[in-house]
Amino acid sequence: MKILVMNCGSSSLKYQLIDMKDESVLAKGLCERIGIEGSTLTHTPAGGEKYKVQKPMPSHKEGIQMVMDALVDKDHGVIQSVDEISAIGHRVVHGGTYYSESVVVDENVKKAIRDCFDLAPLHNPANLMGIEACEAAMPGKPNVAVFDTAFGMSMEEKAYLYALPYEYYEKYKIRRYGFHGTSHTFVSGETIKFGGLDPKNAKVIVCHLGNGASVSASIGGKCVDTSMGLTPLEGLIMGTRSGDIDPAIVQFICNHEKISVDEMLNILNKKSGVLGMSNGISSDFRDIDEAAEKGDAHARAALDAYALRVAKYVGAYAAAMNGIDAISFTAGVGENDKNMRKKICAYLGFLGVKIDDERNNVRGENRLISTDDSKVKVFLMPTNEELAIARDTLRLTQ
Ligand code: ADP
């Protein structure tokens with residue numbers, strides 16, 4: 001079975017065609033600048049050259065048609081006919097309180113995705129457009145929605161309720177949802193398998209440290225707590241997002257700078273995090289690391305604050321689960337930055353965490369990076385959200 005995985009943003013569309021026989025990627029690609037002048041498709045068949053097509057894409061519909069054309073192209077394609085695609089798996093950011101698992105799309109599912117537009121105004125409309133464009137391009141093929149928020153649905157009320165007047169939960173479903181759920185599900189599951197841990201009771205912390213970043217605590221793969229909230233703004237310090245702050249700061253800056261709450265939210269989402277703390281150096285950890293090495297005090301402060309915040313969450317989750325069996329690092333920073341992994345783990349000696357420098361000197365592969373006598377196993381565990389989406393799609397449509 002060949003499964004097409006789609007991740008639609010407001011002006012972009014990423015895809016992978018995966019052969020579930022051996023879970024190999026047959027082709028992947030990206031449509032950029034959908035609805036904007038200069039739309040481009042970049043298609044890469046496995047083991048082949050990148051192939052670019054520039055053609056207007058007024059909407060996702062034209063984008064998906066171009067993906068279909070590229071997949072069957074006689075020179076750059078990887079299948080003979082679109083009929084070889086058995087099903088399509090879609091990343092959908094917000095499932096609200098409707099879905100705690102992936103689901104085959106029907107009219108009710110589309111309505112629920114629409115009902116959550118308010119909760120994810122940038123993502124859910126684009127995700128729905130992608131689904132509808134695939135329905136039009138491949139009539140009769142099943143589409144599966146895989147929700148970023150599904151993992152967080154197993155949190156208990158004590159973890160998901162904010163200490164706000166209860167009426168806001170009742171009226172608007174204001175609660176903590178958590179994001180990066182597909183990655184947290186995948187990595188916690190792989191950690192249990194790879195680490196030979198008890199599938200029902202293993203207490204696992206996943207540090208998904210990418211451009212966006214979040215930590216999760218799970219027992220037997222079921223989420224107990226996770227650091228993102230109603231939106232992805234809560235929790236860790238990220239590339240450009242502030243993570244946790246005193247909410248009174250919003251009012252203070254709005255009053256003093258004469259800006260609106262919307263403008264302030266834009267600052268918290270796009271100009272804060274390590275970008276803001278480093279006084280504008282970069283949101284990319286490679287640039288911040290380089291500046292810190294050259295002695296830049298702001299860059300060093302940003303890295304120190306970043307590591308401290310992650311460590312504080314791990315400490316809190318150790319308490320929430322009354323212990324930890326394993327910690328896994330994943331995503332761009334977690335998979336590539338051995339110094340950051342070491343810096344975070346340096347705070348966790350009280351839990352019996354000991355990093356082995358030689359084992360930690362690794363990138364992009366499943367690996368134990370703690371010493372044999374470390375009380376908590378620490379792993380590097382690359383995430384693979386596309387494969388997780390494809391596996392769910394296969395399970396639900398086979
Ligand atoms: P997202 O999917 O959230 O956009 P990724 O998981 O791809 O992000 O992570 C991207 C980030 O990973 C980059 O912004 C960069 O900060 C970080 N990164 C990538 N490679 C390295 C590296 N070699 N050293 C440190 N950080 C890295």
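This report concerns the structure included in the present document. (Residues numbered from 1 in each chain as written. Predicted model: local features only at pLDDT ≥ 70, side-chain atom pairs only at ≥ 80, totals over all residues. Heavy atoms only, no water.)

### A few points about empty space enclosed by the protein
Across all of its chains, the model carries one cavity of 30 Å³ or more by this definition. Every residue lining the largest cavity is listed: L161, Y162, L164, P165, Y166, Y169 and I174. Here the residues of the lining of the largest cavity are counted per class, giving seven nonpolar, no polar and no charged. (1 Å grid on protein atoms, 1.4 Å probe; cavity = no way out; pocket = protein on both sides within 12 Å on 5 of 7 lines; lining within 4 Å. Points joined across faces, edges and corners; volume = space filled by probe spheres on them. Nonpolar A, V, L, I, M, F, W, Y, C, P; charged D, E, K, R; others polar.)

### Observations concerning the nonpolar core
Residues I205, C207, L209, Y306, I327, F329 and I344 are the most contacted members of the largest nonpolar core, which totals 45 residues. Every element with two or more residues in this core is listed here: strand 9 (203–209), strand 10 (213–219), helix 10 (285–293), helix 11 (297–321), strand 12 (326–330), helix 13 (338–345) and strand 14 (377–380). Setting aside residues up to four positions removed in sequence, C207 forms contacts with S214, V215, V310, V314, I327, S328, F329 and T330. Grouped together as the second largest cluster of nonpolar side chains are 25 residues, Y15, A27, M66 and A133 included. (Core = buried A, V, L, I, M, F, W, Y, C linked by side-chain atoms within 4.5 Å. Buried < 20%, exposed > 50% of the residue type's maximum accessible area, 1.4 Å probe, protein only. Helix = DSSP H or I, 4+ residues; strand = E, 2+ residues; numbered from the N terminus. Contact = heavy atoms within 4.5 Å.)

### Remarks on the packing of helix 7 (residues 248–257) against helix 8 (residues 261–270)
Where helix 7 meets helix 8, the axes come as close as 10 Å, and the angle between the chain directions of the two elements is 115 degrees. Pair helix 7 / helix 8 crosses with right-handed handedness. Residues V250, I253 and C254 of helix 7 touch helix 8, and the partners they reach there are V261, M264 and L268. When the residues that make up the contact of helix 7 with helix 8 are grouped by side-chain class, the tally is six nonpolar, no polar and no charged. (Axes fitted to C-alpha atoms, helices over the stretch in contact; angles between N-to-C directions. Left-handed = near helix turned anticlockwise from the far one by under 90°.)

### Focus: the pattern of salt bridges
Within the structure shown, the criterion is met by 25 salt bridges. We note a salt bridge from E23 to R391, for which the minimum N-O separation is 2.8 Å. Of this pair, E23 sits in the loop between strand 2 (13–19) and strand 3 (24–32) while R391 sits in helix 15 (residues 385–397); the two residues are 368 residues apart in sequence, bridging distant segments of the chain. For E23, a relative accessible area of 32% puts it in the partly exposed group. Among the salt bridges present, the one from R359 reaches D356, with a minimum N-O distance of 3.7 Å. The exposure class assigned to R359 is partly exposed, which follows from its relative accessible area of 22%. Using a relative accessible area of 21% as the deciding quantity, one classes D356 as partly exposed. By sharing partners, the salt bridges in this structure join E107, K110, R114, E132 and E135 into a single network. (Salt bridge = Lys/Arg side-chain N within 4 Å of Asp/Glu carboxyl O.)

### A look at unusual backbone geometry
In this model, E23 sits at a positive phi of 60 degrees, which is unusual for a non-glycine residue. One non-glycine residue, N322, adopts positive backbone phi at about 55 degrees. As for its position among the elements, N322 is in the loop between helix 11 and strand 12.

### Notes on the packing of aromatic side chains
Inspection of every chain in the model, using the stated rule, returns eight aromatic pairs. Centroid distance Y166 to Y169: 5.6 Å. Interplanar angle 55 degrees. Geometry classified as tilted. With Y166 and Y169 both in helix 5 (residues 166–172) and three residues apart, the pair spans about one turn of that helix. In textbook terms, an aromatic cluster arises when at least three aromatic residues are bridged by ring pairs, as seen for Y98, Y99 and F147. In this structure, K173 is placed above the aromatic ring of Y169, and the distance from its NZ or CZ to the ring centre is 5.3 Å. Across the ring face of Y160, the terminal group of R175 is positioned such that the distance to the ring centre comes to 3.7 Å. (Phe/Tyr/Trp six-rings, centres within 6.5 Å; stacked < 30°, edge-to-face > 60°. Lys NZ or Arg CZ within 6 Å of the ring centre and 35° of its normal.)

### Concerning the environment of P45
You can see P45 is positioned in strand 4 (residues 40–45). With a relative accessible area of 11%, P45 lands in the buried category. Put simply, P45 and K200 are 155 residues apart on the chain and 39 Å apart in space, counted from C-alpha to C-alpha. With residues up to four places along the chain from it excluded, the contact list for P45 reads L26, A27, H76 and V78.

### Description of the layout of surface pockets
In this approach the atoms are scanned with a rolling probe the size of a water molecule, which exposes any empty space left behind. The volume enclosed by the largest pocket comes to roughly 1,600 Å³. If you trace the largest pocket, you find 46 residues lining it, with R91, H123, H180, P232 and R241 closest to the centre. Of all elements in the fold, only strand 1 (2–8), strand 2, strand 3, helix 8, helix 12 (331–336) and helix 15 reach the threshold of two or more residues within the lining of the largest pocket. When residues of the lining of the largest pocket are assigned to their parent elements, the largest contribution, four residues, is made by helix 8. Partitioning the lining of the largest pocket into residue classes produces 16 nonpolar, 20 polar and ten charged.

By themselves, these observations are geometric and do not establish any function.
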